[in-house]
Amino acid sequence: MAQKDANQVVVGVLALQGSFAEHASSLKRSGEGVQAVEVRVAAQLEHCDALVIPGGESTTMARLAEREGMAKALREFAAAGKPVWGTCAGLIMLSDKAECTKQGGQALIGGLHVSVIRNFFGAQVESFETKLPAPACIRVQGDDDYFRAVFIRAPAIADVSEGVEVLAEYHLSDVQRQRKPDAPSKVAVAVRQGHLWATAFHPELTSDLRWHKAFADMAREVRAARAAAESQSASCPVHESNGYNRMELPIYE
């Protein structure tokens with residue numbers, strides 16, 4: 001099989017439901033060497049270096065993944081150490097725990113050690129956008145110290161375990177605090193845990209490509225590290241210890 005160019009990376013976008021086309025478009029425009037692939041069957045994951053789980057309706061997406069036989073493959077992909085980025089519904093699916101789900105709950109991919117609250121910011125009519133300070137991983141992709149964050153029936157990250165880095169927080173407005181008097185004054189809306197990324201907002205619905213560029217860069221780095229480890233392993237074969245010829249040493253009395 002031909003070796004991939006060092007700059008080339010294949011990023012899959014789960015295309016069962018939601019804003020997968022917008023993510024694929026953003027990835028294609030994020031720079032040279034980024035190939036975006038819409039993933040609809042488990043076998044396609046074998047050719048992906050990374051995966052985006054888009055926004056949409058998390059319960060529907062989870063049911064479709066189960067019906068199409070993809071749920072197990074998605075969990076194995078994330079557990080294998082390949083980069084996965086979940087936005088909005090994707091954040092819910094990646095989380096270890098989700099609150100305020102529909103009756104009967106919903107299946108999760110898990111792996112991201114956070115607890116999220118589904119539809120934290122309210123119904124569709126309460127969707128909004130704002131500007132938030134850009135984390136370091138985004139600032140290096142451009143000059144703007146802020147980014148547009150579009151929240152559509154968005155979840156919020158209620159609890160973060162050790163080892164999870166908070167990349168962005170949102171301070172509730174006075175109106176939002178009146179609607180949710182028991183809620184905290186601020187919530188995490190973007191996190192990173194090693195190779196797992198998650199955002200409660202929709203970067204794919206803006207013209208700002210820095211989130212997609214940063215994710216593609218991380219995918220390249222992870223792929224390069226995995227290739228180097230595999231190459232080193234192949235160059236150092238393990239020899240069987242059974243049945244080898246022992247050299248007899250003399251005995252001096």
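Since the structure is predicted, the reported quantities are computational estimates derived from the model, not experimental observations.

Draft legend 1. Spatial organisation of the overall build of the protein chain. The number of helices and strands found in the protein chain is 7 helices and 12 strands. Here the protein chain holds 253 residues, and the buried ones make up 46% of them. Partitioning the intrachain contacts of the protein chain with sequence separation of at least 6 by distance along the chain shows that 69% fall at a separation of at least 24. When the accessible area of the protein chain is evaluated, it comes to approximately 13500 Å², of which 49% is carbon and sulfur surface.

Draft legend 2. Layout of the pattern of salt bridges. Tallying each qualifying case throughout the model produces 12 salt bridges. Between R75 and E66 there is a salt bridge, with its nearest N and O atoms 3.6 Å apart. By relative accessible area, R75 is classed as partly exposed at 32%. A residue is classified by how much of its surface remains accessible, and E66, at 42% relative accessible area, is partly exposed. Ionic pairing is found between E68 and R67, a salt bridge with its closest N-O pair at 3.2 Å.

Draft legend 3. Representation of unusual backbone geometry in the model. In this model, C88 sits at a positive phi of 55°, which is unusual for a non-glycine residue. Along the chain, C88 falls in the loop between β4 (84–87) and α4 (89–94). Since its relative accessible area comes to 4%, C88 is described here as buried. Backbone geometry places N119, a non-glycine residue, at a positive phi of 50°. Examined against the element boundaries, N119 turns out to sit in the loop between β6 (112–117) and β7 (128–133).

Draft legend 4. Spatial organisation of the nonpolar core. In this structure, I53, F121, F151, V189 and W211 are the most contacted members of the largest nonpolar core, which totals 77 residues. At 7 residues, the largest contribution of residues to this core is made by helix α7 (residues 210–235). Ignoring anything within four residues of it in the chain, the contact list for V189 reads L132, F151, I157, A168, E169, Y170, A198, T199, A200 and F201.

Draft legend 5. Region of the structure containing the packing of aromatic side chains. Under the defined criterion, the tally for this structure stands at 15 aromatic pairs. The interplanar angle of 70° and the centroid separation of 5.4 Å between the aromatic rings of F121 and F128 together place this pair among those described as edge-to-face. Considered together, F121 and F128 belong to a single accessibility category, that of buried residues. Linked through ring pairs, W85, F120, F121, F128, F147, F151, Y170, W197, F201, W211 and F215 together constitute an aromatic cluster.

Draft legend 6. Examining the side chain of S115 more closely. For S115, the position within the fold is in strand β6. Within the local environment of S115, its side chain forms a polar contact with the side chain of E99, the two groups lying 3.2 Å apart. Apart from the residues lying within four places of it in its own chain, the contact partners of S115 are K97, E99, A156, I157, A158 and D159.

Draft legend 7. Up close: helix α3 (residues 71–79). All of the buried residues along α3 are A71, A73, L74, F77 and A78. Along the long axis of α3, the arc covered by the buried residues comes to 165°, so they all point the same way. Those residues of α3 that are exposed and angled more than 90 degrees off the buried face are K72 and A79. Buried positions along α3 lie against β1 (9–14), β3 (50–53), α2 (58–67), β4 and β12 (196–199). Remark: G81 follows α3 within two positions and exhibits a positive phi of approximately 95°.

Criteria and cut-off values
- Residues numbered from 1 in each chain as written.
- Predicted model: local features only at pLDDT ≥ 70, side-chain atom pairs only at ≥ 80, totals over all residues.
- Heavy atoms only, no water.
- Helix = DSSP H or I, 4+ residues; strand = E, 2+ residues; numbered from the N terminus.
- Buried < 20%, exposed > 50% of the residue type's maximum accessible area, 1.4 Å probe, protein only.
- Contact = heavy atoms within 4.5 Å.
- Areas by Shrake-Rupley, 256 points an atom, 1.4 Å probe, with all protein chains shown as cover.
- Salt bridge = Lys/Arg side-chain N within 4 Å of Asp/Glu carboxyl O.
- Core = buried A, V, L, I, M, F, W, Y, C linked by side-chain atoms within 4.5 Å.
- Phe/Tyr/Trp six-rings, centres within 6.5 Å; stacked < 30°, edge-to-face > 60°.
- Polar contact = N/O pair within 3.5 Å; in protein donor to acceptor, adjacent residues only side chain to side chain.
- Arc of directions from axis to C-beta.

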